[in-house]
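For reference, the chains in residue letters:
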Amino acid sequence: MTSTVGFEEFFEEYWIREGHLEVDVAGFQRLSDAVAEATAPLKPLLGIFAFTAYDPLHPWSDNSEQFFKAWFDLIRAHYVEGLSEVPLLFVGFHLKARFGSSRNSWGMFLTDCALYVSVSLYGDEPPRRYAYSAADQAQPGWAGAFASRVLADFDPDGIEQLVKLSNEPSNYDGLDNPAGINFASVTTPGQMAGVIRSEIILTLEALAGFRAGLGQPDAAETGPVPLTRRVMELGLAGHVRLGTDQHHAKHFKKLAEKLNMGEAEEIVFTLSDATFAGVYGLAVTNRAIRSRDLMESAVVQPLAPAEIFSNDKKRTLAIGKGPVHHIGETVPERLMPAVVTLLNEYLNGDIGE
C-alpha cells in the first residue's frame, strides 16, 4: 500500500493538474490501492506492462507518467464521456508511431465505469469502449464473461508484441525496479491472453461495492447513448458514415438520389460505399431504412423494431418481414454482428442522434 502523504503529493502533481477527476483524493486512493492489491499476484508475470496511477514499487520510475499518457491516448483523445471516469489500470506499452517520432499507447485501460481496448497496433481504429453493466454485476461469474468478450476483440498483433517485449532484457537505471522483482517469462500469445484475462477479472472484482461509496454514477447506461459513441464502441467508426459529417455531402447526395429519398428526408447514418458502377449500401434516415445493391433497384421499409436476420458472409440482412438489405463488402464479415447490434439498438430507441 502507498502512504497517504505520498499519494496526496502525487495527486497534487499529476491529477489536479489535469483538472478532470470527479472523486476526491481519499476515494481515488482507495480505488487505486484496491486495484494494485488485487492485481499484485500477477506482478511477476506482467509487472513491466501493468500500470496503476501511483505505485512507488513499480519497475519503472516514471510509471505514473506512462499511466496518464495512456489515459490521454486511449480515453481522452476519443471519448468525451470518459473524462469523468476514474482511471485505474493500464496494461500495455508505448509504440513508436509509423511516421514521426511520437509514441502512442497500446493496450487496455480500465476505469471505474468502462474498459477501453486497442483493436489495432498503430491506432488505425479508435479503442473500443465496453461499459460495465449493473445487471451483470449481480450475476455470479459476470467478470469472467465480460473479460472473455473483451479479449475476443483484442488486437492479436499487440498481444504478440507484448509477448516479444516481455522476453527482452530490461534496461533499468538506478531508480528502476526498486522492489527487485524477478519476472517470469510469458512465451506465447495464448499465455499472455490468459494473463490479461486474469488481470481484468481481478480488477473488476476489486471494484465491486465501490461506486456507491464514492458517489459515482452507476455504470449502467441511462437514456439513449449518443450515436457517435456507440459507433466507436462497436468498432464501426471506419465503416459508418454519419449524416452530420459534411465530408460525405457529395456521397450522400448521390446516395439519396439512388435510394429515392424525399426532399424532407435526412440521412442519420449509412453503411455505404461507391465504385465506378455507382453508390450502394444501407442508409438509416429520419423516416425509413433504405438500401440498394450495385446495379439493383432500391428497397425501403419503415423505422420499426423487429428481429434482424443477418447473412454475415454475404453482407446482407433482413429486418423482420422487410426486404433483404445489401450492405456490401465495405463492412468486414467479422463486424456484421456489430452492425446488427447498432441497428437493433437504434430501432429500439437505445441510441440517440
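Thresholds, definitions, all that
Residues numbered from 1 in each chain as written. Predicted model: local features only at pLDDT ≥ 70, side-chain atom pairs only at ≥ 80, totals over all residues. Heavy atoms only, no water. Pairing = 2+ DSSP bridges. Helix = DSSP H or I, 4+ residues; strand = E, 2+ residues; numbered from the N terminus. Contact = heavy atoms within 4.5 Å. Axes fitted to C-alpha atoms, helices over the stretch in contact; angles between N-to-C directions. Buried < 20%, exposed > 50% of the residue type's maximum accessible area, 1.4 Å probe, protein only. pLDDT = per-residue confidence, 0-100. Salt bridge = Lys/Arg side-chain N within 4 Å of Asp/Glu carboxyl O. Core = buried A, V, L, I, M, F, W, Y, C linked by side-chain atoms within 4.5 Å. Parallel < 35°, antiparallel > 145°, perpendicular 65-115°, else oblique. Nonpolar A, V, L, I, M, F, W, Y, C, P; charged D, E, K, R; others polar.

Turning our eyes to something else, we now look at the sheet that holds strand S8 (residues 267-275). The strand order across the open sheet formed by 5 strands is S7-S8-S9-S10-S11, and the pairing between neighbours is antiparallel. Each having just a single partner strand, strand S7 (241-242) and strand S11 (299-302) make up the two edges of the open sheet. Two strands pair when backbone bridges link them, and S7 and S8 are joined in this way by 2 bridges, in the antiparallel orientation. By the bridge assignment, leucine 242 is partnered in S8 with phenylalanine 269. In this fold helix H11 (residues 249-258) packs onto S7, S8, strand S9 (278-285) and strand S10 (288-292), with an angle of close to 90° to the strand it touches most, S8.

Here the focus is the side chain of glutamate 345. Assignment of secondary structure puts glutamate 345 in helix H12 (residues 336-347). Taking the relative accessible area as the measure of exposure, glutamate 345 reaches 18% and is therefore buried.

This brings us to the confidence of the model for the protein chain. The share of residues in the protein chain with pLDDT of 70 or more is 78%, and the mean pLDDT across the chain is 79. Confidence drops under a pLDDT of 50 for residues 1-5, and excluding neighbours within four residues, the segment shows 9 contacts in the predicted structure. Of the regions scoring below 50 in pLDDT, residues 211-221 engages in 27 contacts with residues more than four places distant in sequence or in other chains.

Moving on to the sheet that holds strand S13 (residues 316-319). The strand order across the open sheet built from 3 strands is S12-S13-S14, with neighbouring strands paired in antiparallel fashion. Only two strands of the sheet have a single neighbouring strand rather than two, namely strand S12 (308-311) and strand S14 (324-326). Neighbouring strand axes in the sheet, compared pairwise and without regard to direction, differ in orientation by 25° on average. Sheet topology note: the S12/S13 ladder contains 4 bridges and is antiparallel. Counterpart to phenylalanine 309 in the pairing with S13 is alanine 318.

According to the stated counting rule, one finds 5 salt bridges in the structure shown. Between arginine 129 and glutamate 85 there is a salt bridge, with its nearest N and O atoms 2.7 Å apart. With arginine 129 in strand S5 (residues 128-131) and glutamate 85 in the loop between helix H4 (63-76) and strand S2 (87-96), the pair connects residues that are 44 residues apart, well separated along the chain. Each of the two residues, arginine 129 as well as glutamate 85, counts as buried. A salt bridge links glutamate 345 to arginine 230, with the shortest nitrogen-to-oxygen separation between them at 2.6 Å. Remark: arginine 230 occurs in helix H10 (residues 227-233) and glutamate 345 occurs in helix H12; sequence separation between them is 115 residues. A single burial state applies to glutamate 345 and to arginine 230, both of which are buried.

Right, let's get into the nonpolar core. Core analysis: the biggest nonpolar cluster contains 54 residues, and Met108, Phe109, Leu115 and Leu204 have the highest contact counts within it. Considering every element that reaches this core, the biggest residue donor is helix H8 (residues 189-207), with 8 residues. With sequence-adjacent residues up to four places away left out, phenylalanine 109 is seen in contact with Phe67, Ala70, Trp71, Leu74, Ile75, Pro87, Leu88, Leu89, Phe90, Ala114, Leu115 and Tyr116. Listed in part, the 27 residues of the second largest apolar core include Leu335, Leu342, Tyr346 and Leu347.

What follows covers the packing of helix H7 (residues 156-166) against H8. Close contact between H7 and H8 brings their axes to 9 Å; oriented N to C, the two are set at 95°. In terms of axis orientation, H7 runs roughly perpendicular to H8. Two secondary-structure elements touch here, H7 through Ile159, Glu160, Leu162, Val163 and Ser166 and H8 through Pro189, Met192, Ala193 and Ile196. Grouping the constituent residues of the contact of H7 with H8 by class yields 7 nonpolar, 1 polar and 1 charged.

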